[in-house]
Amino acid sequence: MSFVYEKLFGDKKGLIGFCILAALILVVFPVMLDSFRLNLVGKYLTYAFAAVSLVLLWGYGGTLSLGQGIFFGIGGYAMAMFLKLEASSPENTAIQSTPGIPDFMDWNQITELPLFWMPFHSFSFTLFAVLVVPTIFAYIIGAAMFKRRVGGVYFAIITQVVSVILTVLIVGQQGLTGGINGITDLRTLNGWDITSDSAKTLFYFINCFLLLAVIIASRFILTSKFGRILLAMRDKEDRVRFSGYDVANFKIFIFCFAAMISAIGGAMFTLQVGFMSPSFVGIVPSIEMVIFAAIGGRMSLIGAVYGTLLINFGKTAFSESFPELWLFLMGGLFIAVVMFFPNGLAGLWEDYGHHLTKRLDFIKNLFSKSKSAADAIELKGSKS
Amino acid sequence: MSDKSDNQRSWGRRKVVRALGALPLGIILASQLSWAAPATSTGQAVTDDTVTVGILHSLTGTMAISETGAQEAEKLAIKQINESGGILGRQIKIIQEDGASDWPTFAEKSRKLLVNDKVAAVFGCWTSASRKAALPVFEKENGLLYYPTFYEGLEQSKNVIYTGQEATQQILDGLNWVAKEKGAKTFYLIGSDYIWPRTSMKIARKHIENVLGGKVVGEEYKPLGDTQFGSVINKIRLKKPDVIYAAVVGGSNVAWFKQLKAAGINSKKQTLLTISVTEDEVLGIGGENLEGFYSIMKYFQSQDNPNNVAFVKAFKEMWGDDSVIGDVTQAAYLGPWLWKAAVEKAGTFDVDAVVKASEEGDIELTTAPEGYVKLHPNHHLWSKARVGMWKKDGQAEVVYTSELIEPDPFPEGYQ
């Protein structure tokens, strides 16, 4: 039991927070929201993967990546390539000059499926690619940067540059990638209609379980010795290095792990939304992911999920109610959170969570001990 | 917070301020609650005296400048329809959503309009990318989209009515005109790098080479938003084409035409034909940078016919004297009117019935500002292509008008 408590949830408080989140996304949302809104929440929760990865990387690792969209995008594109190939069967694309290849290739005068698309006929390869390709890519970037002790703002800028390069590449090579339109019109997964409500609901739950599993795995990393080294590196990197640790390898590992988590989110995004486009790879989405983590509280895995939900709920709700003003309201929301809760939503919980428990105690005292309210206040006062 | 006595001391300014900070959260939570409310009816949002439609354009982001005109025109058309008694005795109510220049948002908002609001029709989208993102939603939820932009063709969805020109309608007659009028034999093609310019250029090249017997001496694509045209302009100088054929879009246009002018390439020395500049773009580019160059469109604001005079007057009354009206704005204006005609013919708002009525090929608008349009069974419009020569004041003089051209979204021999 102590293993479960300490390693997987942090402590009792972590367990409570985890259970509240699980109850919220697994029970409250599915019960309260209709299928359209639930699918929207599912979409938001895919961004939460990236936000959680940033808590690890930025909050604990002290390494700000402004390029998580790269990995979110690679994961999403890998899944989209598989689904697109399935949607481009010769029967479905009989109208094209070359049937059997994705429609955008046909528009771009490509007559043969490019070699790197071939393996994506296989679903198991696709799942493998979703996890491994971003990890390898992150390893290359990480090894190139961290081994040379590039860090801090330089690392942030370089990740941002990589995300721009990748966007330009995808947009420019539209015959191979679908260009600015992205890969659209994805309908089935192994013959199963993924646009139906039941499929969307199922994906929502798969998404939730994966997210919760990712949070547990991340917590396990953070509560292990590795997590302490991570924190130590953030606070005094040189001291860790002088103690004999190879700082670069630890950083590379956490960067790769963060990339993999983001990619899972990307793949789930493609499945639930039904398309992938370069607008998830560039600077803006990458920075938005940082905002999700910052609003949620960058030291809190669970807070990151709430941050993602809050910002995206806000986006949707404001833009539906005030289509011409919503950006100002979003700006106001950002300013309000940063000014009043500098530690994010998780900070709010830290600050007010104990008030809540105190108040619960107060009410308990009121009823069980039948004391006067004044006495109770005095009692509580003396406690705190 | 009711038991203030509990911790009165600590309720200082900071806490009040923090509570204020929580207000936006409260607003969001409140609006979330309203989400749970079921839609009013099982079918479409049609009551005894109203029918609800959606307008979905970008009000924010880079596309807002282009899409504003379209949504203004749609609102004008709907206002006019309402003033003339509505559709099937019902007044049209509008739910507007912001696509925010972001393709996934278009998909999300389309779904919201169709599933949550159950609108009878949606007028919206501008870029091909936004249409491609929204299209699966319209097909899945069986919605009806009126799409106003001239576009690359290669598409014909049951759930979309295309009120702009598809590529061959816009391109072929303009090329014929320039070959005949200017004796053009050599062409230099330049466009932004995405699906619409590439497809358009593919069609143009085939037509130039196979039909006109001309020669393409250069074909170049620049990334969206690129502002460096120096190298292209040098190549153009080297090749000395009879015609520069351009499909540069968005903000790049400003740089493209200013750099052309700076390089001394103007209409006195060079014929330039573009398929991507309307009155809206000229506002940004400046008429003096374009003077004497040609655009091929189906509509120009300066068109002198009673329909257009009335339309321009009504548009300026509603949206201000400074507003200009481009090709897409006019095509967007046709959307609600075409929908009205189809609904009245079908006698119902049901999408399948409206689509069926639209596909019979006899829905026409004699009151269209561009003159006369008719809906083809392939969901596109019969329309005329026009060549306009730009003047200093940002308006174009129509120098050529074609016959009515049949829409052909899947042109044989051009793919």
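Parameters and conventions
- Position labels on residues start from 1 in each chain and follow its written sequence.
- Chain labels run from A onward and ligand labels from 1 onward, assigned in the order the entries are written.
- Local features in this predicted model are restricted to residues whose pLDDT is 70 or higher, and side-chain atom pairs enter the listing and the counts only when it is 80 or higher, whereas totals over whole chains, interfaces and linings include all residues.
- To qualify as a helix, a DSSP run of H or I must reach at least 4 residues; to qualify as a strand, a run of E must reach at least 2; elements of each kind are numbered from the N terminus.
- For this measure, only C-alpha atoms enter the radius of gyration; the expected value for a globule follows 2.2 Å times N^0.38, where N is the number of residues.
- Exposure in this text rests on C-beta crowding, where 20 or more other C-beta atoms within 10 Å of a residue's own make it buried, 12 or fewer make it exposed, and counts in between make it partly exposed. The C-beta atoms are placed from the backbone.
- Throughout, a residue-residue contact means that the two C-beta atoms, derived from backbone geometry, are no farther apart than 7 Å.
- Only C-alpha atoms enter the line fits that serve as axes; for helices the fit covers just the stretch in contact. Angles between N-to-C directions range over 0 to 180 degrees.
- Angular relationships are summarised with four words: roughly parallel below 35 degrees, roughly antiparallel beyond 145, roughly perpendicular across 65 to 115, and oblique for the angles in between.
- Three classes are used, and their members are as follows: Ala, Val, Leu, Ile, Met, Phe, Trp, Tyr, Cys and Pro are nonpolar, Asp, Glu, Lys and Arg are charged, and the others, Gly among them, are polar.
- Note that the domain bounds were set by an automatic or database domain assignment.
- Expected span of a helix, by definition, is 1.5 Å for each gap between consecutive residues, and there is one gap fewer than residues.
- Bend is the name given here to the angle between axes fitted to two runs of seven residues, the run ending at a residue and the run starting at it.
- One bridge is not enough; two strands pair if DSSP finds at least two bridges between them.
- UniProt positions are given in the numbering used here, feature names are shortened, and annotations may be inferred rather than shown by experiment.
- Place the viewer so that the strands point away; then a crossover is right-handed whenever the path from the first strand over the helix to the second strand goes clockwise.
- The term nonpolar core refers to a set of buried Ala, Val, Leu, Ile, Met, Phe, Trp, Tyr and Cys residues connected through C-beta atoms within 7 Å.
- A residue's pLDDT is the confidence the predictor assigns to it, expressed on a 0 to 100 scale.

Asks: Explain the overall build of chain A to me, please; I cannot follow it from the model alone.
Replies: If you tally the helices and strands in chain A, you get 17 helices and two strands. Taking 21 Å as the expected radius of gyration for a compact globule of 384 residues, we find that chain A reaches 23 Å, a close match to that expectation. For chain A, the spread of C-alpha atoms along the principal axes amounts to about 85 × 55 × 45 Å. Burial statistics for chain A: of 384 residues in total, 45% are counted as buried. Considering only contacts within chain A whose residues lie at least 6 apart along the sequence, 76% involve residues at least 24 apart.

Asks: Sorry if this is basic, but what is going on with the overall build of chain B here?
Replies: Check the secondary structure of chain B and you find 13 helices and 14 strands. Classification of the 415 residues of chain B by burial places 51% in the buried group. Contacts spanning at least 24 positions in sequence make up 72% of the contacts within chain B whose residues lie at least 6 apart.

Asks: Explain the packing of helix H3 (residues 35–60) of chain A against helix H13 (residues 283–296) of chain A to me, please; I cannot follow it from the model alone.
Replies: All names here are of chain A. Following both chains from N to C, one finds H3 and H13 inclined at 70°, their axes separated by 8 Å at the closest point. If you check the angle between H3 and H13, you find them roughly perpendicular. In contact with Tyr 47, Ala 50, Ala 51, Leu 54, Val 55, Trp 58 and Gly 59 of H3, H13 contributes Met 289, Val 290, Phe 292, Ala 293 and Gly 296. Here the contact of H3 with H13 is built from residues that sort into ten nonpolar, two polar and no charged.

Asks: Just checking my understanding: could you explain unusual backbone geometry for this structure?
Replies: Peptide bonds are, in most cases, trans, and in most cases residues other than glycine have a negative phi. Unlike most non-glycine residues, B:Ala100 shows phi in positive territory, near 55°. Here B:Ala100 is to be found in the loop between strand S2 (91–98) and helix H4 (103–116).

Asks: Just checking my understanding: could you explain the domain arrangement of chain A for this structure?
Replies: All names here are of chain A. In terms of domain boundaries, chain A breaks down into domain 1 (15–340) and domain 2 (344–384). On a C-alpha basis, the centres of domain 1 and domain 2 stand 41 Å from each other. With eleven residues of domain 1 in contact, the opposing surface of domain 2 contributes four residues. Within the residue set of the side of domain 1 that touches domain 2, elements represented by two or more residues are H13 and helix H14 (301–321). Here the side of domain 1 that touches domain 2 takes four residues from H14, the largest share from any one element. Each residue belonging to the side of domain 1 that touches domain 2 can be placed in one class, and the counts come to five nonpolar, five polar and one charged.

Asks: What is the right way to look at the interface of chain B and chain A in this model?
Replies: How large an interface is tends to be reported as the accessible area lost when its parts come together. Contact residues are listed per partner, giving 42 residues for chain B and 43 residues for chain A. In terms of residues, the side of chain B that touches chain A owes the most to one element, H4(B), which gives eight residues. For the side of chain B that touches chain A, the per-class residue count stands at 20 nonpolar, ten polar and twelve charged.

Asks: Looking at this structure, I do not really get H3(A). What am I missing?
Replies: Because the α-helix completes a turn every 3.6 residues, residues three or four places apart line up on one side. Residues and elements named next belong to chain A. With 26 residues, H3 ought to run about 38 Å at 1.5 Å a step, and its terminal C-alpha atoms sit 36 Å apart, in line with that. Of all the bends in H3, the greatest, near 30°, is centred on Leu 54. Residue Gly 62 follows H3 closely and has a positive phi angle near 70°.

Asks: Could you clarify how one ought to interpret the sheet that holds strand S3 (residues 122–124) of chain B in this entry?
Replies: Strand pairing in a sheet is mediated by backbone hydrogen bonds. Such pairs are either parallel or antiparallel. All names here are of chain B. Sheet architecture is open: five strands sit in the order S2-S1-S3-S4-S5, paired in parallel fashion. The two strands at the open ends of the sheet, each matched to only one other strand, are S2 and strand S5 (160–162). Sheet twist, expressed as the mean angle between neighbouring strand axes with direction ignored, is 25°.

Asks: Can you help me understand the UniProt feature "transmembrane region" (unreviewed entry) in chain A in this one?
Replies: Within this structure's numbering, the places UniProt gives as "transmembrane region" (unreviewed entry) are residues 15–33, 45–74, 123–146, 153–172, 202–222, 243–269, 289–313 and 325–349 of chain A. Between the first and last C-alpha atoms of residues 243–269 of chain A the distance is 42 Å; the span itself is 85% helix and 0% strand.

Asks: For this particular structure, what's the right way to read helix H4 (residues 68–87) of chain A?
Replies: Its 20 residues give H4(A) an end-to-end C-alpha distance of 28 Å, which sits within 8% of 28 Å, the value for a rise of 1.5 Å per residue. Burial analysis of H4(A) places 17 of its 20 residues in the buried class, which makes it a mostly covered element.

Asks: Mind showing me how you'd approach the pairing of S2(B) here?
Replies: Both faces of the sheet carry side chains from a regular strand, because those side chains alternate between them. Residue and element names in this part refer to chain B. Relative to S2, strand S1 (residues 50–57) is paired through eight bridges, and the arrangement is parallel. By the bridge assignment for S2, Thr 52 is matched with Lys 93. With helix H3 (residues 64–83) bridging S1 and its parallel neighbour S2, the resulting β-α-β unit is right-handed.

Asks: What am I meant to see in the domain arrangement of chain B here?
Replies: All names here are of chain B. Taken domain by domain, chain B comprises domain 1 (50–165 + 304–379) and domain 2 (167–297 + 388–405). For domain 1 and domain 2, the distance between their C-alpha centroids amounts to 28 Å. Every contact between the two is made by 14 residues of domain 1 and, on the other side, 14 residues of domain 2. Among the elements of the structure, H3 and helix H12 (327–346) are those that each provide at least two residues to the side of domain 1 that touches domain 2. Among the residues forming the side of domain 1 that touches domain 2, the class breakdown is six nonpolar, six polar and two charged.

Asks: When you look at the nonpolar core in this model, what are you seeing that I'm missing?
Replies: A general trend in soluble globular proteins is that nonpolar side chains are found buried together. A:Ala51, A:Val52, A:Val55, A:Val305 and B:Leu338 are the most contacted members of the largest nonpolar core, which totals 172 residues. Element by element, the count of residues in this core is highest for helix H12 (residues 247–273) of chain A, at 17 residues. When sequence neighbours within four positions are dropped, the list of residues in contact with A:Ala51 reads A:Met289, A:Phe292, A:Ala293, A:Gly296, A:Ala304, A:Val305, A:Gly307 and A:Thr308.

Asks: Looking at this structure, how should I read the packing of H3(B) against helix H11 (residues 306–319) of chain B?
Replies: The description of two helices packed together rests on the angle between their axes and the distance between the axes. Residues and elements named next belong to chain B. Close contact between H3 and H11 brings their axes to 10 Å; oriented N to C, the two are set at 105°. Judged by the angle between their axes, H3 and H11 are roughly perpendicular. Touching Glu 72, Ala 73 and Leu 76 of H3 are Ala 314, Phe 315, Met 318 and Trp 319, all from H11. Tallied by class, residues from the contact of H3 with H11 come to six nonpolar, no polar and one charged.

Asks: Which parts of the structure should I look at to understand the confidence of the model for chain A?
Replies: Any segment with low pLDDT has predicted coordinates that should not be analysed in fine detail. Confidence along chain A averages 88 in pLDDT terms, with 91% of residues attaining 70 or more. A low-confidence stretch, residues 379–384 of chain A (pLDDT under 50), is modelled with four contacts involving residues beyond four sequence positions or located in other chains.

Asks: Help me understand the environment of A:Arg148 in this model?
Replies: Residue and element names in this part refer to chain A. Note that Arg 148 resides in the loop between helix H6 (123–146) and helix H7 (152–172). Residue classification places Arg 148 among the exposed residues on the basis of 10 C-beta atoms within 10 Å. Separated by 63 residues in the primary sequence, Arg 148 and Leu 85 place their C-alpha atoms 40 Å from one another.

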